[in-house]
Amino acid sequence: MSQGAEPVKESAAPGPGLPRSVLADTVLERLTELYPAAADPVRARSAAAYMKHVAPFLGIPTPRRRALSRTVLEGTERPAETDCAAIALRCWALPEREYHYFAADYLRRHVARCSSGFLPVLRHLVTTVSWWDTVDILAAHVAGPLVAADPELGRTMDEWIEDDDLWIARTALLHQLRFKEATDTRRLFAYCLRRAEHPDFFIRKAIGWCLREYSKTDPQAVRDFVEGARDRLAPLSVREATKHL
């Protein structure tokens, strides 16, 4: 994906405190031993260029990285929320992008171990070294399940959709991506209208994407919404939303 905003290198806001975790100590020790040993400098340069140099890469192909991740986690216990936070934050503090992918995958796997108290950590991850490759996983597979488990967090998403940080707003748009019949359509359509005039490619694309995904569940509702809002939605959003209608 090559259009849109320039990658955000760092967040200006201070991050949450780093909890102590013996599990994180073990995981990071293994991770920082196995991942660098599999690095490919040529592939790393290509991957960094493709991702607009948001971060340096080790250059590990995805299948190999996932195999190494299984080795890293072999024999480790199920994490508590503090372990999830410690592992994610410590991975995010490392420069190479593969560590961020490891953390995003780990949270996706263990999000059921986390509560609404995880939101400050999630916000830090979304707003730090931000680009679509990690934000979209965090939106659909971490923010979404957290909201599904605690509907009161919908109010936080109502705040996030108003945020000046485009990645926070994108997370709010995409958090219901996998909800299907459980989608809060009032919230979905309201969010799309609220950010319909946003100038950034990644917001306009996200509007179209979340509508397109929901069209697989209720095509008529999406068709009616797009027809009624066509004069407000960007052509990109309309094109994406109606791709399967």
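Basis of the calculations
Residues numbered from 1 in each chain as written. Predicted model: local features only at pLDDT ≥ 70, side-chain atom pairs only at ≥ 80, totals over all residues. Heavy atoms only, no water. Axes fitted to C-alpha atoms, helices over the stretch in contact; angles between N-to-C directions. Helix = DSSP H or I, 4+ residues; strand = E, 2+ residues; numbered from the N terminus. Left-handed = near helix turned anticlockwise from the far one by under 90°. Contact = heavy atoms within 4.5 Å. Nonpolar A, V, L, I, M, F, W, Y, C, P; charged D, E, K, R; others polar. Patch = residues over 30% accessible without salt bridge, like charges linked within 9 Å, V, L, I, M, F, W, Y side chains within 5 Å. Areas by Shrake-Rupley, 256 points an atom, 1.4 Å probe, with all protein chains shown as cover. Salt bridge = Lys/Arg side-chain N within 4 Å of Asp/Glu carboxyl O. Lys, Arg positive; Asp, Glu negative; His and termini not counted. Charge placed at Lys NZ, Arg CZ, Asp CG, Glu CD. Core = buried A, V, L, I, M, F, W, Y, C linked by side-chain atoms within 4.5 Å. Buried < 20%, exposed > 50% of the residue type's maximum accessible area, 1.4 Å probe, protein only. Parallel < 35°, antiparallel > 145°, perpendicular 65-115°, else oblique. Disulfide = S-S within 2.5 Å. Expected span 1.5 Å × (residues − 1). Polar contact = N/O pair within 3.5 Å; in protein donor to acceptor, adjacent residues only side chain to side chain.

(A) Summary view of the packing of helix α1 (residues 22–37) against helix α4 (residues 81–92). Where α1 contacts α4, the two axes come as close as 9 Å, and the packing angle between them is 35°. The chirality of how α1 crosses α4 is right-handed. Contacts from Leu 23, Ala 24, Asp 25, Val 27, Leu 28 and Leu 31 in α1 reach Asp 83, Ala 86, Ile 87, Arg 90 and Cys 91 in α4. Looking at the contact of α1 with α4 residue by residue, the classes come out as eight nonpolar, no polar and three charged.

(B) Inspection of a positive patch on the surface at higher detail. A surface patch of like charges, here positive, comprises Arg 66, Arg 108, Arg 178 and Lys 180. Inspection of the secondary structure assignment puts Lys 180 in the loop between α9 (166–174) and α10 (185–194).

(C) Looking closely at the nonpolar core. Phe 102, Phe 118, Leu 122, Leu 138, Leu 146 and Leu 211 are the most contacted members of the largest nonpolar core, which totals 87 residues. Per-element tally for this core: the top contributor is helix α7 (residues 132–149), with ten residues. Not counting residues within four places of it along the chain, the set of residues in contact with Leu 122 comprises Leu 138, Val 142, Ala 143, Leu 146 and Trp 160.

(D) Region of interest: the packing of helix α6 (residues 119–127) against α7. Between α6 and α7, the least distance of the axes is 10 Å, while the angle of their chain directions is 165°. Taken together, the axis directions place α6 and α7 in an arrangement best described as roughly antiparallel. Once α6 is placed against α7, the crossing between them reads as left-handed. Note on element contacts: α7 touches α6 through Val 135, Leu 138, Val 142, Ala 143 and Leu 146, opposite Leu 119, Leu 122, Leu 125 and Val 126. Classifying every residue of the contact of α6 with α7 by side-chain character gives nine nonpolar, no polar and no charged.

(E) Fine view of the state of the cysteines. Applying the stated criterion to the full structure yields zero disulfides. Cysteine Cys 91 remains unbridged, with the sulfur of Cys 84 as its closest cysteine sulfur at 11 Å. Classification of Cys 91 as buried rests on a relative accessible area of 0%. Left unpaired, Cys 210 is separated from the closest cysteine sulfur, that of Cys 192, by 3.8 Å.

(F) Highlighting helix α11 (residues 201–215). The end-to-end C-alpha distance of α11 is 21 Å, a good match for the 21 Å that 15 residues give at a rise of 1.5 Å each. Counted residue by residue, α11 has eleven buried out of 15 residues, so it is predominantly covered. Turning to α11, its buried residues are Phe 201, Phe 202, Ile 203, Ala 206, Ile 207, Gly 208, Cys 210, Leu 211, Arg 212, Tyr 214 and Ser 215. Against α7, α9, α10, α12 (219–229) and α13 (235–241) lie the buried residues of α11. Structurally, the start of α11 carries an N-cap: the backbone nitrogen of Phe 202 is 2.7 Å from a side-chain oxygen of Asp 200.

(G) Spotlight on the side chain of Thr 127. On the secondary structure map, Thr 127 appears in helix α6. Looking at Thr 127, its side chain comes within polar contact range of the main-chain oxygen of Arg 123, at 2.8 Å.

(H) Representation of the pattern of salt bridges in the model. According to the stated counting rule, one finds 14 salt bridges in the structure shown. Across the pair Arg 212 and Glu 240 runs a salt bridge whose closest N-O atoms are separated by 2.5 Å. With a gap of 28 residues between them, Arg 212 in helix α11 and Glu 240 in helix α13 connect regions that are remote in the sequence. The salt bridge involving Lys 243 is made with Glu 240; its shortest N-O contact spans 3.4 Å. According to the relative accessible area criterion, Lys 243 is partly exposed, its value standing at 48%.

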